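A structural walkthrough
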Amino acid sequence: KTMKMSFNEKTSILSINDSEIPIPYASNQYYLTQAVLSRPKKRWEVDELLERLGEDPRQNSWRKIYDAMNQVNKKAYPVLGKKLILLEEKTYRLNSENVSNHS
């Protein structure tokens, strides 16, 4: 089953099929969701994501991204039935199986 997914940066709404999931605007969750949906095939390094969050990559702030991923996954899980964002070998990526038409 294919899903449609998009993130509206103005309203801060993650849309999955017909479900709308509010993401706190300008939060770590927002920037993480924005990043992984902007380039669905990309594997994001922690330092790249920290820069998007406005954090110094040299500060050990990986936990902020990890926590944001868990919060977004918790919100998306009831709709998706699986994690939206995956952590693999210290890189983050969109769980893009069954996903198409992301904009």
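Everything below is about the structure shown above.
Residues numbered from 1 in each chain as written. Predicted model: local features only at pLDDT ≥ 70, side-chain atom pairs only at ≥ 80, totals over all residues. Heavy atoms only, no water.

**Section: the packing of aromatic side chains**
This model, assessed by the stated rule, comprises 4 aromatic pairs. Each ring, one from Tyr 30 and one from Tyr 31, has its centre 5.2 Å from the other, and the planes form 90°; the classification is edge-to-face. Judged by its relative accessible area of 5%, Tyr 30 is buried. Owing to a relative accessible area of 25%, Tyr 31 belongs among the partly exposed residues under this scheme. (Phe/Tyr/Trp six-rings, centres within 6.5 Å; stacked < 30°, edge-to-face > 60°. Buried < 20%, exposed > 50% of the residue type's maximum accessible area, 1.4 Å probe, protein only.)

**Looking at helix 3 (residues 62-80)**
Between the first and last C-alpha of helix 3 there are 25 Å, a value that for 19 residues agrees with the 27 Å anticipated at 1.5 Å per step. Helix geometry: helix 3 is bent most strongly at Lys 74, by close to 30°, with proline Pro 78 lying one to four residues after it. Within helix 3, burial applies to Ile 65, Ala 68, Met 69, Val 72, Asn 73, Ala 76 and Leu 80. In the segment just after helix 3, Gly 81 is the residue with positive phi, at about 80°. (Helix = DSSP H or I, 4+ residues; strand = E, 2+ residues; numbered from the N terminus. Expected span 1.5 Å × (residues − 1). Bend = angle between axes of the 7 residues up to and from the residue.)

**What to know about the pattern of salt bridges**
One pass over the full model with this rule turns up 6 salt bridges. The residue Glu 88 makes a salt bridge to Arg 93 at a minimum N-O spacing of 2.9 Å. (Salt bridge = Lys/Arg side-chain N within 4 Å of Asp/Glu carboxyl O.)

**Structural notes on helix 1 (residues 28-38)**
Among the 11 residues that make up helix 1, 8 are buried, leaving the element largely enclosed by the rest of the structure. Taken together, the buried positions of helix 1 are occupied by Gln 29, Tyr 30, Leu 32, Thr 33, Gln 34, Ala 35, Val 36 and Leu 37.

**Structural notes on the pairing of strand 1 (residues 3-8)**
Only one face of strand 1 is covered, namely the face carrying Met 3, Met 5 and Phe 7; the face carrying Lys 4, Ser 6 and Asn 8 is uncovered. With 4 bridges connecting them, strand 1 and strand 2 (residues 13-16) associate as antiparallel partners. Each residue of the ladder has a partner; that of Phe 7, found in strand 2, is Leu 14. Count of turn residues in the strand 1/strand 2 antiparallel hairpin: 4 residues, of which Ser 12 carries a positive phi of about 60°. (Pairing = 2+ DSSP bridges.)

**Digging into the sheet that holds strand 5 (residues 85-88)**
In spatial order, the strands read 4-6-5; together these 3 strands make up an open sheet with antiparallel pairing. Of all the strands in the sheet, the pair left with one neighbour each is strand 4 (44-45) and strand 5. Strand direction decides the pairing type here: strand 4 and strand 6 (residues 91-94), joined by 2 bridges, are antiparallel. Directly across from Glu 45, in strand 6, lies its bridge partner Thr 91. Docked against the sheet, helix 3 engages strand 5 and strand 6, running at close to 140° with respect to strand 5. (Contact = heavy atoms within 4.5 Å. Axes fitted to C-alpha atoms, helices over the stretch in contact; angles between N-to-C directions.)

**As for unusual backbone geometry**
Even without a glycine there, the phi angle at Ser 12 is positive, about 60°. Tracing the chain through its elements places Ser 12 in the loop between strand 1 and strand 2. One non-glycine residue, Ala 26, lies in positive phi territory at about 60°. Take Ala 26: it is sitting in the loop between strand 3 (19-22) and helix 1. The partly exposed category is assigned to Ala 26, whose relative accessible area is 38%.

The values reported here are purely geometric and, on their own, carry no functional implication.
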